[in-house]
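Single-letter residue listing:
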Amino acid sequence: MTSALATTRFSVLDRSRTRQGQAPEQALRDTVRFAQQAEALGYHRFWVSEHHSVPGVAGSAPTVLAAAVAAATSRIRVGTGGVMLPNHQPLVVAEQFGVLESLFPGRIDMGLGRSVGFTDGIRRALGRGREDAEDFPARLAELLGYFTGEQTAHPQVHARPAEGLRVPAFVLATGAGADHAAAFGLPLVIAAVRGEDAMLRTIDRYRERFRPSARSAEPYVVLSGTVAVAGTAEEAWRLLLPEAWSAAWSRTHGEFPPLRPPEEILDLRMSTRERTLFEEALHGHLHGTGPDVAEALEKLLARSAADEMLVTTSTYDRRRELDSYRRLARVVGLPGGAGTGRPATAPPRAPAETDEHPGP
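Residues numbered from 1 in each chain as written. Predicted model: local features only at pLDDT ≥ 70, side-chain atom pairs only at ≥ 80, totals over all residues. Heavy atoms only, no water.

## Here's the deal with helix α4 (residues 90-103)
Consideration 1: Helix length check: α4, at 14 residues, gives a terminal C-alpha distance of 20 Å against a target of 20 Å (1.5 Å per residue), a fit within 8%.
Consideration 2: Within the sequence span of α4, burial applies to P90, V93, A94, F97, G98, L100 and E101. Axial view of α4: buried residues confined to an arc of 165°, hence all on one face.
Consideration 3: For α4, the secondary structure elements touched by its buried residues are α3 (62-72), β3 (77-80), β4 (83-84), β5 (110-113) and α6 (136-148). (Helix = DSSP H or I, 4+ residues; strand = E, 2+ residues; numbered from the N terminus. Expected span 1.5 Å × (residues − 1). Buried < 20%, exposed > 50% of the residue type's maximum accessible area, 1.4 Å probe, protein only. Arc of directions from axis to C-beta. Contact = heavy atoms within 4.5 Å.)

## Notes on the sheet that holds strand β2 (residues 45-48)
Consideration 1: Overall, parallel pairing links the 9 strands, which are arranged β3-β2-β1-β11-β8-β7-β6-β5-β4 in an open sheet. Two strands bound the open sheet, and with one partner strand each, they are β3 and β4.
Consideration 2: For β2 and β3, the ladder comprises 4 bridges, and the chain directions are parallel. For R45, the partnering residue across the bridge sits in β3 and is R77. (Pairing = 2+ DSSP bridges.)

## Quick word on the packing of aromatic side chains
Here a ring pair, both rings aromatic, is described through the centre-centre distance and the interplanar angle of the planes.
Consideration 1: Tallied over the full model, the rule gives 7 aromatic pairs.
Consideration 2: When the centroid spacing of 6.3 Å and the interplanar angle of 75° are considered together, the rings of W245 and F278 count as edge-to-face. Of the two residues, W245 is situated in helix α9 (residues 233-253) and F278 in helix α11 (residues 272-281); the sequence distance between them amounts to 33 residues. In this structure, W245 and F278 share a single accessibility class: buried.
Consideration 3: An aromatic cluster is defined as three or more aromatic residues linked by ring pairs; in this entry it consists of F34, Y43, F46 and Y325.
Consideration 4: We note R215 situated over the ring of F147; from NZ or CZ to the ring centre the distance is 5.8 Å. (Phe/Tyr/Trp six-rings, centres within 6.5 Å; stacked < 30°, edge-to-face > 60°. Lys NZ or Arg CZ within 6 Å of the ring centre and 35° of its normal.)

## Here's the deal with the pairing of β2
Consideration 1: In β2, alternate side chains face the same way, and those of R45 and W47 on one face and F46 and V48 on the other are all buried.
Consideration 2: As for the winding sense of the linkage, the β-α-β connection from β2 through α3 to β3 is right-handed. (Right-handed = clockwise from strand over helix to strand, strands pointing away.)

## A look at the packing of helix α7 (residues 177-184) against helix α8 (residues 196-209)
Consideration 1: Viewed as axis vectors pointing N to C, α7 and α8 meet at an angle of 20°, and their least axial separation amounts to 8 Å. Relative to α8, the element α7 lies roughly parallel. In this structure, the crossing between α7 and α8 has a hand that is right-handed. When α7 is examined against α8, the residues A178, D179, A181 and A182 are found in contact with a partner set consisting of T202, R205, Y206 and R209.
Consideration 2: Looking at the contact of α7 with α8 residue by residue, the class counts come to 4 nonpolar, 1 polar and 3 charged. (Axes fitted to C-alpha atoms, helices over the stretch in contact; angles between N-to-C directions. Parallel < 35°, antiparallel > 145°, perpendicular 65-115°, else oblique. Left-handed = near helix turned anticlockwise from the far one by under 90°. Nonpolar A, V, L, I, M, F, W, Y, C, P; charged D, E, K, R; others polar.)

Just geometry here; none of it tells us what the structure is for.
In structure tokens:
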């Protein structure tokens, strides 16, 4: 096994995607079951997301869902990818994560984003506007201050039971998120939304501007992206079709729909714009057979020097989705991957991790 794959942590982000003909509540139950399967395979973390009024995503209350996931598992770290801080009061977020950490000590992650609602109507329903994203640094400082007892935005206000607890915080690299992660000395979660070159430049800037903190002594980079593994390259490509079509539909109709079977998508008559967006949405993902993906991952990890890979793959068929994650576990040597060479031990520690200040 190559060195980068052997030393990189691999984790899972599940957005509780709904499937055509499936009730949203089933998607949530599937997420909890999937977390148990990811734990058995040896993945390091299992994160859930926050989306509001999106037909294709059932995950709208990440801390509630994280509690269900943590209760159904025993070892895997559980967190959010992420809680959109502009949508919430920092005190409430601190209290929620304080409760989670109190119930499941040493297993909770606090992934934080700066996005607001997808549409004007959703933002109004949340009582937020686009400008609230610009207040992210102040909200983040207040939130972190509730855990140390040093927040100054609201004197004499304390977050119970969060105060005094250590919950690792991560910042999603949306907008200026990477710069905020560097300024606060926090781990960064980043995807190649604008292409790999732009992502690598952002990672370099994050490392250059990183200020060591009590939470992280060194930069810590988590790459987020789709990785589809199957018996053939064609099968792996077909796994990508449902999500790609949903992305294309959202950009042409303003609504992110439930996932459809790949067979239906291949039979669709698409407009020129739909076809263009669909094909664009298929680019930039790692997919193929085990050896193909191993080679591609090794190159990506070498280029980025990332510490962790957060895999976000979703497709219509849950069984094939799980098979992809199982094959990936085998490729990267996770302890639950059949026929792997990596011993079933704890994942390697992050460079910033110490016994006094646990790393991510």
